[in-house]
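# Architecture and fold: a report
Chain by chain, the residues run as shown.
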Amino acid sequence: MSMDKSWINKHRLSVEYLNGINKFIEFAFQNSSDSAGRVLCPCVNCMNAFWVDRQAIEDHLICNGFNPRYTHWDCHGDVMAACPTPSNVVDIPALVTDHDGIGNFVHETLGMHNQNDNIIDDSEYQNQGRERGNTSRNSLNEKFHNLMSDAYKEVYPGCEKYSKLSFILYFYHIKTLCGMTNKAVTMMLEFLQDLLPKGSSIPRNAYEMLQVVKKLGVRYEKIDACRNHCMLFWKADLDKDFCTICGTSRWKTNESDSLGQGASTSRHAKHKRKIAAKILRWFPLKERLQKLYMSSKTAQSMRWHKDERKNDGILRHPADSEVWTEFDKKYPDFAVDPRNIRLGLAADGFNPFGNMSVSYSMWPVILMPYNLPPWMCMKQTSFFLSLLIPGKDQPGNKIDVYLQPLIDELKELWEDGVETYDSYSKETFMLRASLLWTINDFPAYANLSGWSTKGEFACPTCNYETSSKWLNHSQKWCYLGHRRWLDNSHKFRYDTTTFDGNCEFRSSSPLLSGNDIINQIGDVNVISGKKRRKAETSNRNQWKKHSIFFSLPYWKDIMVRHNLDVMHIEKNVCDNIIGTLLNIDGKSKDHLKARMDLKQMGIRLELHPQNQESGRMFLPPACYSMSKKEKEAFCTVLKNVKVPDGYVSNISRCVDLKQHKLMGLKSHDGHILMQELLAIALRGDNMLKGVEYCGA
């Protein structure tokens, strides 16, 4: 229902204002849900914070005046048809400050990308519900409208810096950073209510504050896990106290209790609260995917890969890849609706304490929606944190135990979908989602795929055709078969001097399909909590487990299931090159053992070690060896280089001119060094005379 609200700004003693009050009061009490027959008072002082009766609300509206910014009466049963515009409400940028990114989070979460962006039309949604025989409001839609109301509501009358929502988010941010208890938060809120002017809209206690935070869709569920990564105490195992595989206690107890023996029967022990030894945090995905279509602008961007992408054969986006195209051909029923979401998954361990000497590894699992254009899908605000796998030790091959909630949800999103309202097309549809691939570094690649990235057959692409050689002196494997991937006429195939002394005539390895991998895995499996059972069919099997991703119906049909993070590899290569060029102790790959391996292989004769009369071994300098003066010039160039702002971090802080070494380089620094700066630095500081910067 839409009513005339022009009387709100009229004089309080005018006939139009008095008639408007009477109509509003009748409308409010007709839609009142209070058992005592009261409604929220929208006067300037109360600001919808207090319940009053009919006589009190009439007195307040005449004496105090109607809140001029309350134009969408969602607290009194009015339907919110569109996002308020700055002409009749307080401007969002004025109400939301960007303390620690809180303001930006409010905008991104509510989808407020511009002032003309349309939000869900609730009346249209209800009409569609009646056509389907369902007149109930969508719960997610209702939560969103409540958040919109809080985003435009002042903390207290006249406050221009914070809205109610931004205040709650900023206060919750402080609570999290400082480790405040709920009791401390309640006491602070009670104090602020006494401190602020009458009519403030801040929550009364911690419980009310948390209820608002939960509406943002950032809730998570705690799932207890075995401390040895064996199982989750979930679903059918929810009420169990001991791991069914290793027998370890679910709870943090003494050693005897962990074995299920000698449990204390004292009164204190009986009433003591049990604490789980390990807890998995799972962030459900469905509501957050639905939220992508709550803003008309974001909903339109979710079709970019179909409607606006240039199809000219140039790879700019995952939609340009052969993997995407082949998936659409195999599953046309999924591809027919461009609103169905393709997701990418990334997982890696990190030390949350920031001190690398502490042995602790927390594993986040993050999802990226690839429907969005490239300048949006890889923004941090577009990432979905799906799982937070606790430490202290890394899960390794047993990471599949923790992936169970996510995989189950992905199955539901593929098979059944979830009913979603598209605010761009003004219609409801069944949203489906698929996982396109994973992106990891090399060790995490092994954990997710099940293929061991160590040893003789470390390459997951070459599989059992990996060209490898054991270096007796260096005591490690080296891999020399990379030329087989070049064109048949490439000159490197016939270069025997630069490489391993042989010509390369082999063709590249065929790409393994999902069915090929399933046949290779055979009976290899991981018994959680115990050592891996060796495959009976082969004593060199590289498969350590049957990956949980194959439980997804479409996973075996994806052309490339796992991808390597290029930045990790490039950073490692850059560190090795710089360590070798500057001959840094412990970092250089050019040492006596490497030279002895060259001699054993019979290649690079000029680099073979030579025995001297004194009995010491002499290593002839290589073409890339630097003198002390050349090292100083190399480091000086990097110390003094100037680049555009934002192009790279301050590399000069990583250069040590005295010891001639580079330390603390980030991944992007390694990329810029490999692509731009390394070639300049090797030519000496004369290259930079008169040059202020280098860049793309």
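What counts, and where the lines are drawn
- Residues numbered from 1 in each chain as written.
- Predicted model: local features only at pLDDT ≥ 70, side-chain atom pairs only at ≥ 80, totals over all residues.
- Heavy atoms only, no water.
- pLDDT = per-residue confidence, 0-100.
- Contact = heavy atoms within 4.5 Å.
- Phe/Tyr/Trp six-rings, centres within 6.5 Å; stacked < 30°, edge-to-face > 60°.
- Helix = DSSP H or I, 4+ residues; strand = E, 2+ residues; numbered from the N terminus.
- Buried < 20%, exposed > 50% of the residue type's maximum accessible area, 1.4 Å probe, protein only.
- Axes fitted to C-alpha atoms, helices over the stretch in contact; angles between N-to-C directions.
- Left-handed = near helix turned anticlockwise from the far one by under 90°.
- Nonpolar A, V, L, I, M, F, W, Y, C, P; charged D, E, K, R; others polar.
- Salt bridge = Lys/Arg side-chain N within 4 Å of Asp/Glu carboxyl O.
- Core = buried A, V, L, I, M, F, W, Y, C linked by side-chain atoms within 4.5 Å.
- Pairing = 2+ DSSP bridges.
- Arc of directions from axis to C-beta.
- Polar contact = N/O pair within 3.5 Å; in protein donor to acceptor, adjacent residues only side chain to side chain.
- Patch = residues over 30% accessible without salt bridge, like charges linked within 9 Å, V, L, I, M, F, W, Y side chains within 5 Å.
- Areas by Shrake-Rupley, 256 points an atom, 1.4 Å probe, with all protein chains shown as cover.

## Let's talk about the confidence of the model for the protein chain
Of the residues in the protein chain, 82% reach a pLDDT of 70 or more, and the chain-wide mean stands at 81. Low confidence marks residues 80–101, where pLDDT is under 50. Its contacts with residues over four positions away, or in another chain, come to 62 contacts. Confidence drops under a pLDDT of 50 for residues 111–137, and excluding neighbours within four residues, the segment shows 63 contacts in the predicted structure.

## Comments concerning the packing of aromatic side chains
Under the counting rule described, the total for this entry stands at 28 aromatic pairs. Centroid distance Y331 to W414: 5.1 Å. Interplanar angle 90 degrees. Geometry classified as edge-to-face. Of this pair, Y331 sits in the loop between α15 (322–330) and α16 (332–335) while W414 sits in helix α18 (residues 399–415); the two residues are 83 residues apart in sequence, bridging distant segments of the chain. Both residues of the pair, Y331 and W414, belong to the buried class. Plain terms: the ring middles of Y494 and F505 are 5.9 Å apart, the flat faces sit at 65 degrees to each other, and that makes the pair edge-to-face.

## Comments concerning the packing of helix α1 (residues 15–30) against helix α2 (residues 54–63)
For the pair α1 and α2, the least separation of the axes is 11 Å and the interaxial angle reads 145 degrees. Regarding α1 and α2, the two cross each other, and that crossing is right-handed. On α2, the residues that touch Y17, L18, I21, N22, F24, I25, E26 and F29 of α1 are R54, I57, E58, L61 and I62. Residue composition of the contact of α1 with α2, by class: nine nonpolar, one polar and three charged.

## Some thoughts on the pattern of salt bridges
Counting across every chain of the model gives 22 salt bridges. Between R54 and E26 there is a salt bridge whose closest N-O contact spans 3.2 Å. Note that R54 is positioned in helix α2 and E26 in helix α1, a separation of 28 residues in sequence. Using a relative accessible area of 41% as the deciding quantity, one classes E26 as partly exposed. Salt-bridge contacts for R339 lead to D337; the nearest nitrogen and oxygen are separated by 3.1 Å.

## A closer look at the nonpolar core
By size, the foremost hydrophobic cluster in this structure holds 62 residues, and its most contacted members are L289, I341, L343, L345, L403, L435 and F549. The element best represented in this core is α18, accounting for nine residues. Core analysis: the next-biggest nonpolar cluster, separate from the first, contains 23 residues, C574, C635, I651 and V655 among them.

## Overview of the pairing of strand β12 (residues 476–479)
Note that strand β11 (residues 468–471) and β12 share four bridges and pair antiparallel. Bridge pairing links S468 to Y479 in β12. Hairpin remark: β11 followed by β12, antiparallel, with four residues in the connecting loop; positive phi at Q475, about 55 degrees.

## Thoughts on helix α9 (residues 206–214)
Owing to its 3.6 residues per turn, the α-helix aligns residues three or four sequence positions apart on the same side. All buried positions along α9 are accounted for by A206, M209, V212 and V213. An end-on view of α9 places all buried positions within 125 degrees of arc, on one side of the element. Opposite the buried face of α9, at more than 90 degrees from it, the exposed residues are Y207 and K214. The backbone nitrogen of Y207 has a side-chain oxygen 3.2 Å away, supplied by the residue at the start of α9, namely N205.

## Overview of the side chain of T420
When you line up the elements, T420 lands in strand β8 (residues 418–422). Within polar-contact distance, the side chain of T420 engages the backbone oxygen of V418 at 3.1 Å. Ignoring any residue separated from it by four or fewer positions in sequence, one finds T420 in contact with Q290, Y293, E427, T428, F429 and L431.

## So, the sheet that holds strand β13 (residues 562–564)
In space, the seven strands of this open sheet follow the order β3-β4-β7-β6-β5-β10-β13, with mixed pairing throughout. With one partner strand each, in any of the chains shown, β3 (221–225) and β13 form the two edges of the open sheet. The mean inter-strand angle of the sheet, taken between neighbouring strand axes irrespective of direction, is 25 degrees. Both strand β10 (residues 433–440) and β13 contribute to a ladder of three bridges, which runs parallel. Its bridge partner being in β13, T438 is matched across the sheet by H562.

## Describing the environment of V52
By the element assignment, V52 lies in strand β2 (residues 51–52). Given the relative accessible area of 11%, V52 is considered buried. Separated by 15 residues in the primary sequence, V52 and G37 place their C-alpha atoms 8.8 Å from one another. Contacts of V52, omitting those with residues within four sequence positions, involve F29, R38, V39, C41, I57 and H60.

## Here we look at a nonpolar patch on the surface
Taken together, the side chains of F442, L564, I569, V573 and I577 make up a nonpolar region of the molecular surface, amounting to roughly 350 Å² of accessible area. Counting through the fold element by element, V573 comes out in helix α21 (residues 566–581).

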